[in-house]
Amino acid sequence: MIDTHAHLFYLKNPLKDVIEKAKKAGVTHIINVAIDIKSGKQALKQAGQYPEFISATMGVHPCDVAGFSDFKTLKKELSTGKYVAVGEIGLDYYHMATSKEEQIACFKKQLDLAREFKLPAIIHSRESDDDMKAILREYQDVKKVLHCFSSSAEFALSVINKNTYFSFTGMITLAKRGKVINAIKQLPIEHIMIETDCPYMNPIGIKGDNEPANVSLILDKIAELKPVERIKLKQILEITSRKFFKLL
Ligand SMILES: [Zn+2]
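The shown structure was predicted, so the numbers you read here are calculated from the model rather than taken from an experiment.

A. Region of the structure containing the pairing of strand 7 (residues 164–168). Counting buried positions over the five residues of strand 7 gives four, a clear majority of the element. One ladder, built from three bridges, connects strand 6 (residues 144–146) with strand 7; its direction is parallel. From the neighbouring strand, Leu-146 faces strand 7, where its bridge partner is Phe-166. In this view, the connection linking strand 6 to its parallel neighbour strand 7 by way of helix 6 (residues 153–159) has right-handed handedness. Sheet topology places strand 7 next to strand 8 (residues 192–194); three bridges connect them, and they run parallel. Bridged to Phe-166 within strand 8 is Ile-192.

This is the structure:
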């Protein structure tokens, strides 16, 4: 299993313990996702300690784009070829840390960088379906994952193409039915990935910091919802994730 979205630089436990626990739980790789330039560099440093097991991304989260203008450094970092994706980037109209205009401008500039460097984009989208849909239409050629997907099947199916993927967190373990569950049921398995978004988004019953080891609980939940055996599902998700992030 690959945890396609973790913020290891936020975890309180020592990295060594987190990795050991994850390996024991069957995790084979972790994508360590930046929220700004500083955390991207931290993520890369952690990846350097476990090059076979951790990969880093670089990007500025929509809750951190207020006043952000250092695209020069962002571009320089991405040009090193050391990052496996641009992210996380996107729109967050729930927290609304800055205006829609500023969020959209920063999101598009980063999608331009993903396009330029032929990197996949990790997208955060909260209460922004309409603007997201319009922007994704302009970037159909960029490979992307809508992370912590929590919107409807209708929205998912309106934006899906061969370059568009959806990843699910522990949030789905809290629901028996509802729009996210329905979205999982309707999406093609080959367009699904799993993630913890740790230290956030604890699966049901997990106290304290969420960790990559818990990604198995999300696999369990998806296995309940899809007409495919857990072991087969695990294989498919692993292949999808490896291809998406171009991991060996
Ligand atoms: Zn995240």
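B. Spotlight on the nonpolar core. Ranked by internal contacts, the top residues of the largest apolar core, which has 69 residues, are Val-86, Ala-121, Phe-166 and Phe-168. For this core, the leading source of residues is helix 4 (residues 100–116), giving five residues. Aside from chain neighbours lying at most four places away, what touches Phe-166 is Val-145, Leu-146, Phe-149, Ala-156, Leu-187, His-191 and Ile-192.

C. Inspection of the sheet that holds strand 6 at higher detail. Pairing within the open sheet is parallel, and its five strands lie in the order 4-5-6-7-8. Of all strands in the sheet, those with a lone pairing partner are strand 4 (86–92) and strand 8, marking the two edges. Neighbour-to-neighbour, the strand axes of this sheet turn through a mean angle of 30 degrees, independent of strand direction. On top of the sheet, helix 8 (residues 215–225) reaches strand 7 and strand 8; it is set at about 145 degrees to strand 8, its chief contact.

Procedures and definitions
- Residues numbered from 1 in each chain as written.
- Predicted model: local features only at pLDDT ≥ 70, side-chain atom pairs only at ≥ 80, totals over all residues.
- Buried ≥ 20, exposed ≤ 12 C-beta atoms within 10 Å, placed from the backbone.
- Helix = DSSP H or I, 4+ residues; strand = E, 2+ residues; numbered from the N terminus.
- Pairing = 2+ DSSP bridges.
- Right-handed = clockwise from strand over helix to strand, strands pointing away.
- Core = buried A, V, L, I, M, F, W, Y, C linked by C-beta atoms within 7 Å.
- Contact = placed C-beta atoms within 7 Å.
- Axes fitted to C-alpha atoms, helices over the stretch in contact; angles between N-to-C directions.

Functional significance is not addressed by these values, which are geometric in nature.
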